[in-house]
Structures are given as C-alpha cells and as structure tokens.
Protein chains: 4
Amino acid sequence: MKLTHQAAGTFAIAPTPFHDDGRIDEASIDRLADFYTEVGCNGVTVLGIMGEAPKLDGAEAEAIVKRFIRRADKLQIVVGVSAPGFAAMRTLAHASMEAGAAAVMIAPTPNLRTDDQITTYFKQAVDAIGSDIPWVLQDYPLTLSVVMTPAVIRRIVMDNPSCVMLKHEDWPGLEKITTLRNFQKDGSLRPLSILTGNGAMFLDFEMERGADGAMTGYAFPEMLIDVVRLSKQGKRDAAHDLFDAHLPLIRYEQQAGVGLAVRKYVLHKRGVLASPAQRKPGSTLSAQAKAEVDYLLSRVARVDKRANMSPQASAAG
Amino acid sequence: MKLTHQAAGTFAIAPTPFHDDGRIDEASIDRLADFYTEVGCNGVTVLGIMGEAPKLDGAEAEAIVKRFIRRADKLQIVVGVSAPGFAAMRTLAHASMEAGAAAVMIAPTPNLRTDDQITTYFKQAVDAIGSDIPWVLQDYPLTLSVVMTPAVIRRIVMDNPSCVMLKHEDWPGLEKITTLRNFQKDGSLRPLSILTGNGAMFLDFEMERGADGAMTGYAFPEMLIDVVRLSKQGKRDAAHDLFDAHLPLIRYEQQAGVGLAVRKYVLHKRGVLASPAQRKPGSTLSAQAKAEVDYLLSRVARVDKRANMSPQASAAG
Amino acid sequence: MKLTHQAAGTFAIAPTPFHDDGRIDEASIDRLADFYTEVGCNGVTVLGIMGEAPKLDGAEAEAIVKRFIRRADKLQIVVGVSAPGFAAMRTLAHASMEAGAAAVMIAPTPNLRTDDQITTYFKQAVDAIGSDIPWVLQDYPLTLSVVMTPAVIRRIVMDNPSCVMLKHEDWPGLEKITTLRNFQKDGSLRPLSILTGNGAMFLDFEMERGADGAMTGYAFPEMLIDVVRLSKQGKRDAAHDLFDAHLPLIRYEQQAGVGLAVRKYVLHKRGVLASPAQRKPGSTLSAQAKAEVDYLLSRVARVDKRANMSPQASAAG
Amino acid sequence: MKLTHQAAGTFAIAPTPFHDDGRIDEASIDRLADFYTEVGCNGVTVLGIMGEAPKLDGAEAEAIVKRFIRRADKLQIVVGVSAPGFAAMRTLAHASMEAGAAAVMIAPTPNLRTDDQITTYFKQAVDAIGSDIPWVLQDYPLTLSVVMTPAVIRRIVMDNPSCVMLKHEDWPGLEKITTLRNFQKDGSLRPLSILTGNGAMFLDFEMERGADGAMTGYAFPEMLIDVVRLSKQGKRDAAHDLFDAHLPLIRYEQQAGVGLAVRKYVLHKRGVLASPAQRKPGSTLSAQAKAEVDYLLSRVARVDKRANMSPQASAAG
C-alpha cells in the first residue's frame, strides 16, 4: 500500500542493527520489525540519517530494505534514498518499491543554497526516480545545512504531485507548520502529510500546530504514539505530562553524534537490538554516560512504567 | 575584583535591553543588574552572543558595559569582546577593564579550522589585549562552527596564563568536561574554572561531570542557582527534580534564532525588561508562540512557584 | 559627487597601509591616493575585504576614510561598510558620507541562505543607513558563502533605488553579467553599473559580457585601466594581449589568504607602500615566494614596461 | 603494477563520458584511454571529483573502472573511491584492485574538522580497504572544506605505510610542498610522491617547489607533460612560456561548476569524447561561452599548434 498525503500517526526511524564486528544483524532487524508492529507504529522508516545509511554499500542497503519489508508486513515502510547522485538514488528507490515499500524519502544535498537550486534539485530527483513513486521531503537544516522556506516547500510540493509528505525537522520549526497549514487554508498548497522528527524534541507543540504525527527514532516509540493520540484527542495536559516525563531522556538522546549511541543502548537494554554497535565512524557511550542514561530511565519509569528496566521489571515482563 | 580560576556559581548572560524603536533602554539595564544581584547570581556576562553585541557600535557597547558595572557593583562582570579583528577587541577589552570588569570573554572567529589555526588565534588575541587581562575561552561549536578538542583547549590554557575560565557549550559536551578534569588529575592541565552554557540544556549532568557552575541566560536564573547549589550539595534527585520541571521551557528557549525572543518575552513578563524588542535583524514571537510559553510557565509553576505569573501571583508579589 | 548608476572605468581596491608594528601608515595612504590619481583611476574603494577592514576599530576606520577622501579629491571614494550589525554599519556610513565619500559598499553577512533572507537583509541595511546614501552591492560567494541568483540581485536593486552599482565577483560569473544585462533589455531591471572584482581573473571576458569596468586591487591598476579602455574601444586582441601578459601574476596575486601579501609586496616594490606589513592575523611571503613574484614581474615586463623593476628601470623612472 | 612513492610524471584525471541521454559512453572511454596513452601520460585517474563519480551507482562505477583498466593497459590507473561510508569505499577499492588498478585515491569527508578527526578518518579508511592497497591522499580544501596542515599530512603518511602519494590541490599550496619536502630533508617524513591538481593553475611553480608531476584533467594533457618535463630538465623559461600560453584557457577551465563543461567541450572538439554531456545535475556552456573557449583556443594555438582546431588543421591532422 503506497503512502498518500493522508498518512498519519507514528513512523519509527529504525536504526540499522550491526553485530559487534560491523556485520549486519538480520535477527535484530526482525526483532525491530516485530517491536514496531507490536507497540502500534503506523510505519517504519529505514535507511534514514540515523540509520547509518551512508555506511552501507548498495547491496547491503537493498538487503536491509527487503528484510524490513518482509517482516513488518503490516506497516508502511518508507526508505531513505538520499544519495550524492541520482543514479544511486534511482537504483535504491526502484529496488525498494519493487520489494513493497510504501514510499521513499529524499533529503537535499548539502551544497544547495538558493531557492532555485533547491527546487530544481527535487525536480531532477523526481525525473530520476520516476514520477510514480510517492516520496517524503526531508527538511532538516541543522544537519543538512540547506534552508527551505515555507514558500520553497510549497513550490516543491506543487511542482511534484508525487510528494505526499513532509518530514519536518527544522529547528525552530513550529511557525513553519503553522505557515504551511495556512497555505492550505488559503488554497495555495494542496493536502500534505506532515510528520515531525528532530528526535521528538518539540512533538508536544508540533501536534498542536497541525502535525499529523511523528517520524523519529526515540527509543520509546510507545511515548510518541501516545502523545500523538492524546494530542489528537485534545487531551493537552495529559499529552504534555507524558511528554515531559520523557523529555530529559529525549534531550539526552538528541545530542549530535552521541545520540545514536544512546538510542541503540536503550534499544539494546530493551532487548530489541542484540548489540548497540555502530559501524565506523561511530560513537560509543562511556560508563558514566551509560549510568546517566540508566538514571534517566529510572526517572522516566516513575511516570511511564514502560521505561522500568530493573531486573525485577524484566523478570515480570 | 578580577576573575580567577576559582570562579564558580552562576553567571547570568544578560540580554541587551532595547526600546521598541531600537534605542538602548538604560532603565532596564539597571533593573537587570538589580535582578541578577537580588536572585543571587555570582556574576553577569554582558555583550555575549545572546546579548546582540554585534548589533551595537563601539560607543554603545562601552556605554552598556559601564552601566552594568556601575549598577551591579556586587557582581563580577564578564564582557564579551569577540570581534572580527583584534583592534576592536582590544579597544573594548581595555575600556571594560578600566571601567571595572572582572574579565573578558573571547570566542574564536568562524573561519578557524585546524588545531594550529585555533591556538595561534588565541595567542594573537592575548597579544592584542595584553596578558594581564583575565579572560574566558568560549567553546561553542554549534554557533561558531569551530571545533576545539580537549587537547586544543588544554594547549590554549597552558599557553596563556591569563585564561582563567572555559565557557563550555559544546554539544555534546559531557565527555569534554570529564576529559578536561582528567587532564587536571594527571597534571597536564592547570586549574581552570568551567562554567556551562548552551541555555542550560545539560546543566543537570554538567554539574555532575565537574562543572563549577552555569553561565547562561535562561530567564529563571534562580533555577540555575538552585541546581548548581543542590548539585554541589550532592542532592542529586532534588537537583534533577527542579531541573526537569524547567526543562520543557529551557528547551523552548533554546531554539536557534527564536530563543532570544522567548527569553526577552519572559523577562519582560517578569517585569525586568520594559520591552522584549530586539534590534534588527531579530526574531519575534507569534501570538501562538506567546501562548505556548505562557502554558509552559504555568506548568513550571506547579513545581517552582517563581514561575507563577498569573495576575493574582503578580498582585501578591 | 555621489556615485550613480553611470559609474564606469576602474576603481582600485586600496589596501590599508600599516607600519611594521601594526600602526596605520598615513604617509602611505597619501602615496596610494596620489598613485591611483596619477595612473588614471576613476575611483578608489577603501576598507574593502582586502583592505583589512575588520582589523580596524571604529575610530581607525573613520580616520583612514577621511584621509583618503581628503587626498584623493579628484576620485570618487567608495567605502566598505559591511559589518556584523547595522549600528556599526550606519555609524561608518554616515561618517564617510559626511566626509565626502561617493558611496558605500555592502556585502551580505555569511549566515544568509534563502532568497528572502538575502533580500530582507539589504532592505534592513538601507533602513539602517538611510535611503539617500548610494551604495554598491557586493556579490562575492567564494569568500562570503552567500549565493545570490541574478533574480535575487534584481529584487535587491529594484527594491532599493539607492543601490547604484554591483560589485560582481561571483566565480563563475560571466553568465551572470549576461543575464543581468538581458534583464535590463527586457525592462525588468533598471540601469545599474557593474564593476567586476575577483582580482581581475576574468576581466578580459567580463568587459565583453557587458561590465562597465573593474573594481579590484591588482597591484598594476594601469593594466586594469588599459584593458577596460581597449575593450570599450573594441580592440579585443589588444585587450587580451595585455591581459594575458599579466595573467600569470594576476593568478599568483589571487591566491586565497596569501594574495594580499603579494599585492602589498608589489606595491611596496613600486614605492607606494612603505611596508608590506599586514596586521595580525596576516600572511607573509617566504623568500622563495618573493623570488617567484620577482620572476613573474620580470616576465610581465617583457610586454608591459611598467612592470620593470630592475634597478636600472627604477633609476630611469 | 602497483603505485609506489616513486610515481612521477603526468596522471590525467579522466572525465566520465556520457551520451546525451545520460547513458555511459563506452566507446569514448576507449578513445580517452587511447588518447592518454598516445600523448604520453604516465597514468590515468578515474572517478575523481571531476569524473562525476557521485552520479554513478555502484555497478556503473565498477564497469567504468574495468573498461579503463583493460584499454589503457600501459598506464597506471588510480581509482577515486571516496565515499560517504567505508563499505562502499571498500567494495569499489577491492573491485578496482582485482581488475588491475595501480592504486585508489581517498578524499576526506567534508564534516571533518579537527586534526584528530582527520587522522582518525584515514586510519579507519585503511582499516576498511585493507593495508595492502596503495592509496593517494587527496588534499583539496576549496572543494572539500577540510583543511590539513603539513603536520597532519605527515601524521597520515607516517601512520599509514600504504599511502604512497599526495594529490596536492590546496589553494594556496606552494609553501605546503616546500614544507613537506623539508620534512623529508629533516627525516620526519618518509618518501612520498606529490602530484598536483587544481586544474594546473600553479603547475609552473609547483614543479619548482618539488612536485613530482601533475594529476589533473586539463584538456591538453600534452601541455602538462611538457611542462613537467621541461621543469625537470631545468628549462625554466621554456616551461613558463608554454604554461603561460595555456594559462588563459586553464583559468577558464578552472571555474567552479562550469569548468567540467569547458573540459568536456574541448575534449569533444578534439574528437575524444563523442558528446560533452554531463549527467544531471550538470553544467552546460552557452553559445557565448563556447565562442569564448574557441577564441582562447585560437590564441593558445599561436604558441602551441596542438590547440589549433580550425577546419584546415583538422583536415591536415
């Protein structure tokens, strides 16, 4: 089932599991797929920026995509196909869609500066992959150093009917959501799904500004799912209460560079990943950092039992 | 009283108050000085990056420094003198010290890349201002795009005896504090005060890693002071409880660009600044953003009464 | 006499002369002013990027501007007023115009990315200095990392009637001149003087594309003047012959960082500057580099006698 | 025959030939291989930055490498394997060496800043490809925005015995060659081949500073070969005379972005490439730019007959 502009809810950004020696860990892919399905995600995004995609060669990337799609067959799979060139992008996009992906995700290359350079880039990307593949536009200036105004996003969306979703992770980005939703009200922008990233650092208010859900990799997707749901139900205080309980850990996991190590550490602790290893060049956690994460988990667990990872809790679970 | 490597506690980063038409608001400078003194800050840093220093001409900068120093005469005043060139840096540094400043603060210029370029820059800066002026080394890669390893910081500190403090705001930066403190344990780094910035986003753990205090501009310096104190007293849970209550607002105030507008909005609400205005180019808050901040304040106030800004509270206060 | 869109010919970018100890060398300012007048420049630009402007404090900058204006009273003086903030820009712009400058020159700040950010910046700059001061728009992406499309330049020019000239130094930039001239033919862009910079590396073809002249600091402004003149006379081969004779040295002088040292070395050899010194941080020439420049001069002199700096030639001159 | 630190002479950077529709043009690969062999190159570098390598998918890259190696069997083939991640780098490096390449070339990823980050990166790269593959270190700060001091280059070379050559294209870079050669004289740096790039803009002096030859893609490799030879023979004036005759065209071909279009246009005119086409995103030449190149060729031809491309010359040739 292909992705449409009506997509909503929570799409988890999946890490790519590796063994300690750097080989791909297929069993953990299966566990991740099961985990995201069981907690109630609507979709999974693989090979995103936090999925260590650039560390894979072409054959590995395709194999990972196929394994996720086969296992998580109840979820919509979005595949990050951003690449330095269009040939590699096309190759992976076609392989992914043939394997059953719901859509692909494309980020701009870091060299783009002017409005015209940016809009031209996405036209050429669509030329390259074909206009029949639904795709997600990734807007992540902090990491990509490409700044897209709301008007530029509108041009990209209106130029390219196959663009069905914005992965919003500008920082700051709340006004951007409001501006885009206002474009839709005034008729200048067609329907578009907006899921938000940035490690969920602003999910509480992003939902209130009009986001359709979350697309990020926080190690407790259950929280994302609940905050998205509570917010849509209008239960503002409850949404913020749950979000705030997690925020100290969200913040810790959102650190540049080291964030992925935190995420993998927690998913390893939760029994989903066999190893927290990253491929080189990667980051690791010191003993003190691990103890800090453990402390944060224990504090989250006072409000959200799902973060309880004490031996007893595990035994009970 | 000049700054030494024994400096500790909380140094507030002062915003520069402007009238709505962009003129400097001297009365609000006085109120800021009184406010920081009354809540118990140890020092104030003026003309920092969040102090809109580059928007001032030379005469304005000197006038602001002098007014802060005269009014906040119980506090140590650190003056940001970072400049594109050394002549302007020296002029402001000398004027500040003559007026009674405790130290100056210097950030690297954004073009510096290699380790040698960075260490040479600071040697030349000290040559320019004179080796008798104590100074604070600002390490803020996210904004300045200059990356200093712990070993480079050590070289700068060991090369320049007048460097007495590190304003630490790397992101991530926890391991950096630990590494620098370990350098001191192994005898390769002399004593150095480390105060942390980054809007206090990691103050809870920075204190535990060995920071001496905070140097940042969060609109509730009372919280910074309390967290620094509780942490030094070993009251870990209490420190985190207070910190976590503020974190949703800290996070909101830490947004790039719009953060200063949040900070000035809250300080205006608190009656310290007559106007939240920034000089151009500046950021402003939409009505919705203001309502979001108000909501966050009301949530903080459930734990920390000082954030209670309801009309009744104001009347009572 | 204020600068208008009819400005043409050669404007020399003046270096700022320093003594070996870093003090400003007023006598060399006078010699520079005389030199540019005698060789037939139409104007002089002071405090440009190659004029070490950021190394001056405010008082020094004003003093240099006034001295150039007083001495070079037959030339139009353009003053670089680019600054991190508008207050310093306004202060220097007003002081310069009061002293008799013909115009000011403004470059964008390096943080600007989107088309709207760029056009907004220049509107605010004009608000700051006042709409009655003629100004030159500097387009220098290699150094400033701000990319302005021809359409953005057109918006800036059409938004701001006081913008009378483009200092063109995009790289590559030939098509940009053609596009802007075509905008004028189709009526969408008003008259605008275009002088080209970039160390004159493409002056030969820039003139053929429609430039009105040169604004750069090559140490032989006589060559710039002649190439501009020959090109306007339609003497294509003669223009290229002269240009090509100088190109090996132009290329050597155009090296990033070290270029200014070459330029000052040659102007020192020519007897215009008392010292080739730069303020710190600056570049210097090794003995081998000086010998390379000397060799290049001797080769230029085979075609252009003015580059002959052998002792005999000096004696004869 | 694998590349060693004794490599010298001229290695042409090969463009990747495409048909007008973007397909790879194998016949033109063969003609390029023959052309470089016939004019007397010592080697060819394929899939360099100017070889549009990022626009190829993995299978295409391997196919191109194999075709070049098979056809240019008298030349040493260096293969650019720079990649965002080590898996893709290893895959291409192994495929290339198995096919008979002489070495691979590795550039740093653009995110590297500190000296340690840079040296660590190359250690990890060697771990990834294996320490038995000879490799060329590419130092190209203008494009890659990674600045390596001579001391950092020395550390990389001394850390990694399989590094046999520096592709030097810093700008400015003359003192860097001298410093590295002095390191060798003082015994701190082992023997290392240094070939220079940067479009040959400084080849004349680079040879005099101690370079072993050229590795660049100027459309007249014959000139590179001759200048390298003349310089080694100590025929300084003759080397400069030939170089200077080409410099106006070298300079035109060295323009950022548009340079590759010039290079392919000339190689197309010379009958080597069937089409000057680039894959998207690419640059093209306007009619006026083509006329400018033609004019430059006619001027070069006054000194160097090989640049004569008039119909008669072709008929004669």
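Residues numbered from 1 in each chain as written. Chains lettered and ligands numbered in written order. Predicted model: local features only at pLDDT ≥ 70, side-chain atom pairs only at ≥ 80, totals over all residues. Heavy atoms only, no water.

1. Notes on the overall build of chain A
For the record, the criterion: Here a strand is any run of E in DSSP of at least two residues, a helix any run of H or I of at least four, and the numbering for each starts at the N terminus. Here the globule rule is a power law, 2.2 Å times the number of residues to the power 0.38, and the radius of gyration is based on C-alpha atoms. For each residue, the accessible area found with a 1.4 Å probe, counting protein chains only, is set against the maximum for its type, and the residue is called buried under 20%, exposed over 50%, and partly exposed in between. Only heavy atoms enter the contact rule, under which two residues are in contact if any of them lie within 4.5 Å.
What chain A contains, in helices and strands, is 13 helices and 8 strands. Here chain A has a C-alpha radius of gyration of 19 Å; the compact-globule value for 317 residues is 20 Å, and the two agree. Oriented by its inertia axes, the alpha-carbon framework of chain A measures out at about 55 × 45 × 35 Å. In chain A, which comprises 317 residues, the proportion classed as buried is 63%. Here the contacts in chain A between residues at least 6 apart in sequence split such that 74% fall between residues at least 24 apart.

2. Regarding the interface of chain B and chain D
Applicable threshold: Two parts placed together each lose some accessible area under a 1.4 Å probe, and the buried area is that loss summed for both. Salt bridge criterion: a side-chain nitrogen from Lys or Arg within 4 Å of a carboxyl oxygen from Asp or Glu. For this analysis, a polar contact is any N or O atom pair within 3.5 Å, provided that within protein one partner can donate a hydrogen and the other can accept it, and provided that sequence-adjacent residues contribute only side-chain to side-chain pairs. Just so you know the grouping, Ala, Val, Leu, Ile, Met, Phe, Trp, Tyr, Cys and Pro go in nonpolar, Asp, Glu, Lys and Arg go in charged, and all remaining residues, Gly too, go in polar.
Listed by partner, the interface residues are 7 residues for chain B and 7 residues for chain D. For the chain B and chain D pair, buried surface summed over both sides reaches about 720 Å², with 60% attributable to carbon and sulfur atoms. Between the two partners, chain B and chain D, sit 0 salt bridges. In this structure, the connection of chain B to chain D is made through 1 residue pair in polar contact (both at pLDDT 80 or more). A class-by-class count of the residues in the side of chain B that touches chain D yields 1 nonpolar, 4 polar and 2 charged.

3. So, the pairing of strand E3 (residues 76-80) of chain A
Residue and element names in this part refer to chain A. Counted only if it meets this: Strand pairing requires that DSSP identify at least two bridges connecting the strands. By convention, orient the strands away from the viewer: a clockwise path from the first strand over the helix to the second makes the crossover right-handed.
Across the 5 residues that make up E3, a large majority, 5, are buried. Burial of E3 is two-sided: the residues Gln76, Val78 and Gly80 facing one way and the residues Ile77 and Val79 facing the other way are all buried. Judged from the 4 bridges that link them, strand E2 (residues 43-46) and E3 form a sheet pairing that is parallel. Within E3, the position partnered with Val46 by the bridge is Val79. Taken together, E2, helix H2 (residues 58-71) and E3 form a β-α-β motif whose crossover is right-handed. Pairing of E3 with strand E4 (residues 103-106), which is carried by 3 bridges, proceeds in the parallel orientation. Directly across from Val78, in E4, lies its bridge partner Ala103.

4. Structural notes on the relation of the copies chain B and chain D
The test is simple: Copy-to-copy alignment: least squares on C-alpha atoms, limited to residues at pLDDT 70 or above in both.
Structural alignment of chain B on chain D gives an RMSD of 0.0 Å, achieved by rotating through 180° and translating 0.0 Å along the axis. Accordingly, the operation relating the two chain copies is best matched by a two-fold axis. The fraction of interface residues of chain B whose copies in chain D are also interface residues reaches 100%, indicating that both copies meet through the same surface.

5. Re the packing of helix H9 (residues 221-232) of chain C against helix H10 (residues 236-253) of chain C
All names here are of chain C. For clarity, the cut-off: Note on geometry: axes are C-alpha line fits, over the in-contact stretch for helices, and angles between N-to-C directions span 0 to 180 degrees. Should an angle lie under 35 degrees it is considered roughly parallel, over 145 roughly antiparallel, and from 65 to 115 roughly perpendicular; all remaining angles are considered oblique. Helix crossings get a hand from a simple test, with the near helix turned counterclockwise from the far one by less than a right angle marking a left-handed crossing and a clockwise turn marking a right-handed one.
At a closest axis distance of 9 Å, the pairing of H9 and H10 adopts a crossing angle of 150°. With respect to H10, the element H9 is oriented roughly antiparallel. Helix-helix and strand crossings are classified by hand; for H9 and H10 the assignment is left-handed. Of the residues in H10, those touching H9 at Met223, Asp226, Val227, Leu230 and Ser231 are Ala238, Ala239, Leu242, Phe243, His246 and Ile250.

6. A closer look at the sheet that holds strand E1 (residues 9-13) of chain C
All names here are of chain C. Spatially, the 8 strands close up into a barrel ordered E1-E2-E3-E4-E5-E6-E7-E8, and their pairing is parallel. Across the sheet, the mean angle separating the axes of adjacent strands is 25° when strand polarity is ignored. With 4 bridges connecting them, E1 and strand E8 (residues 213-216) associate as parallel partners. Directly across from Gly9, in E8, lies its bridge partner Gly213. Across the sheet, helix H6 (residues 150-159) touches strand E5 (135-139) and strand E6 (163-168), and the angle it forms with E5 is around 165°.

7. Comments concerning the sheet that holds strand E6 (residues 163-168) of chain D
Residue and element names in this part refer to chain D. Here we have 8 strands rolled up into a closed barrel, ordered E1-E2-E3-E4-E5-E6-E7-E8, and parallel in their pairing. The sheet shows a mean angle of 25° between the axes of neighbouring strands, taken without regard to direction. Across the sheet, helix H9 (residues 221-232) lies against strand E1 (9-13) and strand E8 (213-216), angled at about 160° from E1, the strand it touches most.

8. What to know about the interface of chain A and chain B
At the junction of the two partners, chain A supplies 35 residues and chain B supplies 35 residues. For the pairing of chain A and chain B, the buried interface totals around 3100 Å² over both sides, and the portion due to carbon and sulfur atoms is 57%. Three residues, A:Trp171, A:Arg251 and A:Tyr295, lead the burial of chain A against chain B; their summed loss comes to 21% of the area buried on that side. Taken together, the connections running from chain A to chain B amount to 10 salt bridges. For the salt bridge of A:Asp204 with B:Arg251, the shortest nitrogen-to-oxygen distance reads 2.9 Å. At the junction of chain A and chain B, the tally comes to 16 residue pairs in polar contact (both at pLDDT 80 or more). Breaking the side of chain A that touches chain B down by element, the ones donating at least two residues are helix H7 (174-185), helix H8 (203-209), helix H10 (236-253) and helix H12 (287-300) of chain A. Per element, the largest residue contribution to the side of chain A that touches chain B is 10 residues, and it comes from H10(A).

9. Brief notes about the side chain of D:Asp30
All names here are of chain D. Relative to the assigned elements, Asp30 resides in helix H1 (residues 26-39). For Asp30, the side chain forms a polar contact with the side chain of Arg67, separated by 2.9 Å. Those residues in contact with Asp30 that lie beyond four places of it in its chain are Arg67 and Arg71.

10. A word on the packing of aromatic side chains
Rule in force here: Only Phe, Tyr and Trp rings are paired, with Trp represented by its six-membered ring, and only when their centres lie within 6.5 Å; those with planes under 30 degrees apart are stacked, over 60 edge-to-face, the remainder tilted. Charges are assigned to positions over rings by a cutoff of 6 Å between ring centre and Lys NZ or Arg CZ, combined with an angular limit of 35 degrees from the ring normal.
For the coordinates displayed, the defined rule picks out 28 aromatic pairs over all chains. Judged by centre distance (5.6 Å) and plane angle (80°), the ring pair of C:Phe205 and D:Tyr252 falls under edge-to-face. Taken together, the residues span two chains, with C:Phe205 in helix H8 (residues 203-209) and D:Tyr252 in helix H10 (residues 236-253). The class of C:Phe205 is buried, set by a relative accessible area of 0%. A relative accessible area of 2% means that D:Tyr252 is categorised as buried. Members of the aromatic cluster, connected to one another through ring pairs, are A:Phe86, A:Tyr121, A:Phe122 and A:Trp135. The aromatic ring of C:Phe183 is capped on one face by C:Arg154, whose charged end is 3.8 Å from the ring centroid.

11. As for unusual backbone geometry
Residue and element names in this part refer to chain B. Residue Pro172 is bonded to the preceding Trp171 through a cis peptide linkage, with omega at 10°. In this model, Glu52 sits at a positive phi of 55°, which is unusual for a non-glycine residue. Looking at Glu52, the relative accessible area reads 3%, which means it is buried.

12. Structural notes on the confidence of the model for chain A
Cut-off, in case you're wondering: pLDDT is a residue-level measure of predictor confidence that goes from 0 to 100.
In this model, chain A carries an average pLDDT of 96, and 98% of its residues clear a pLDDT of 70 or more. Interface scoring of the predicted complex returns ipTM 0.97; its pTM is 0.96.

13. Brief notes about the pairing of strand E7 (residues 193-196) of chain D
Residues and elements named next belong to chain D. Because side chains alternate across E7, one face comprises the buried residues Ser193 and Leu195, and the other comprises Ile194 and Thr196, equally buried. With 4 bridges joining them, E6 and E7 adopt parallel strand pairing. Bridge pairing in E7 links Met165 to Ser193. With helix H7 (residues 174-185) bridging E6 and its parallel neighbour E7, the resulting β-α-β unit is right-handed. Sheet topology places E7 next to E8; 2 bridges connect them, and they run parallel. If you follow Thr196 over to E8, its bridge partner there is Ala214. After leaving E7, the chain enters helix H8 (residues 203-209) and then returns to the sheet as E8, a path that is right-handed.

14. Examining the relation of the copies chain A and chain B
With an RMSD of 0.0 Å, the operation that places chain A on chain B is a rotation of 180° combined with a shift of 0.0 Å along the axis. Interface overlap between copies: 100% of the residues of chain A at the interface are likewise at the interface in chain B, consistent with a symmetric, same-surface contact.

15. Here's the deal with the pattern of salt bridges
All names here are of chain A. Throughout the structure, instances matching the rule amount to 112 salt bridges over all chains. One salt bridge in this structure joins Arg71 and Asp30, with 3.6 Å as the shortest N-O distance. Within this pair, whereas Arg71 is found in helix H2, its partner Asp30 is found in helix H1 (residues 26-39), the two being separated by 41 residues in sequence. The buried category is assigned to Asp30, whose relative accessible area is 12%. One continuous salt-bridge network, built from bridges that share partners, spans Asp30, Asp34, Arg67 and Arg71.

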